[in-house]
Amino acid sequence: MTEPIILHATFTARPGEGDRVAALLAEFAEGVRAEEGNVVFDATRLVDDPDRFFVYEVYRDEAAFQAHLSSPAGVPFNAALQDLIVEPSSQLTFLRRI
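For the structure given in this document, a descriptive report is provided here. (Residues numbered from 1 in each chain as written. Predicted model: local features only at pLDDT ≥ 70, side-chain atom pairs only at ≥ 80, totals over all residues. Heavy atoms only, no water.)

### Thoughts on the sheet that holds strand β1 (residues 5-12)
In spatial order, the strands read β2-β3-β1-β4; together these 4 strands make up an open sheet with antiparallel pairing. Edge positions in the sheet fall to β2 (38-45) and β4 (91-95), since each of these pairs with one other strand and no more. In this sheet, neighbouring strand axes are inclined to one another by 15° on average, regardless of whether the strands run parallel or antiparallel. Alignment of β2 against strand β3 (residues 52-59), held across 7 bridges, turns out to be antiparallel. Residue pairing in the sheet places Ala43 in a bridge with Val55 of β3. The strands touched by helix α2 (residues 62-69) within the sheet are β1, β3 and β4, with β3 carrying the most contacts at an inclination of about 135°. (Pairing = 2+ DSSP bridges. Helix = DSSP H or I, 4+ residues; strand = E, 2+ residues; numbered from the N terminus. Axes fitted to C-alpha atoms, helices over the stretch in contact; angles between N-to-C directions. Contact = heavy atoms within 4.5 Å.)

This is how it looks when you write it as structure tokens:
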């Protein structure tokens, strides 16, 4: 059995851009959730700091994750996101089930 790919992404909206980031992320999330190999894509904002975002993702396997990375929606999403966040890109942390 292959292991799922599990990760979380975090990023911070530039001042005044939180709602734009949320709208962009909500639209992107719909497409990701429709990907064949996506198991979970939970996009959230921190309650105490709504300019901070936390996205939890699970993909069936490495092939599904690679398909996600090469999806046509990914490039424009990441380009738009990069202009709206403080960090140079979303900060990814890969996880492994125990």
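Text resumes after the structure shown.
### Here's the deal with α2
Within the sequence span of α2, burial applies to Ala64, Phe65 and His68. Buried positions in α2, seen along its axis, are confined to an arc of 100° and lie on one side of it. Of the surrounding elements, those touching the buried residues of α2 are β1, α1 (18-33), β3 and β4. For α2, the side-chain oxygen to backbone nitrogen distance between the N-cap and Ala63 is 3.2 Å, and the N-cap itself is Asp61. (Buried < 20%, exposed > 50% of the residue type's maximum accessible area, 1.4 Å probe, protein only. Arc of directions from axis to C-beta. Polar contact = N/O pair within 3.5 Å; in protein donor to acceptor, adjacent residues only side chain to side chain.)

### Remarks on the pattern of salt bridges
On inspection of all chains with the given rule, the structure shows 5 salt bridges. The shortest N-O distance in the salt bridge between Asp61 and Arg60 comes to 3.5 Å. For Asp61, a relative accessible area of 15% puts it in the buried group. Taking the relative accessible area as the measure of exposure, Arg60 reaches 39% and is therefore partly exposed. (Salt bridge = Lys/Arg side-chain N within 4 Å of Asp/Glu carboxyl O.)

### What about the environment of Thr44?
With respect to the secondary-structure elements, Thr44 resides in strand β2. On the basis of relative accessible area, Thr44 is assigned to the partly exposed category, the value being 36%. Between the alpha carbons of Thr44 and Phe94 there is a distance of 17 Å; along the sequence they are 50 residues apart. At a separation of 2.7 Å, a polar atom in the side chain of Thr44 contacts the main-chain carbonyl oxygen of Phe54.

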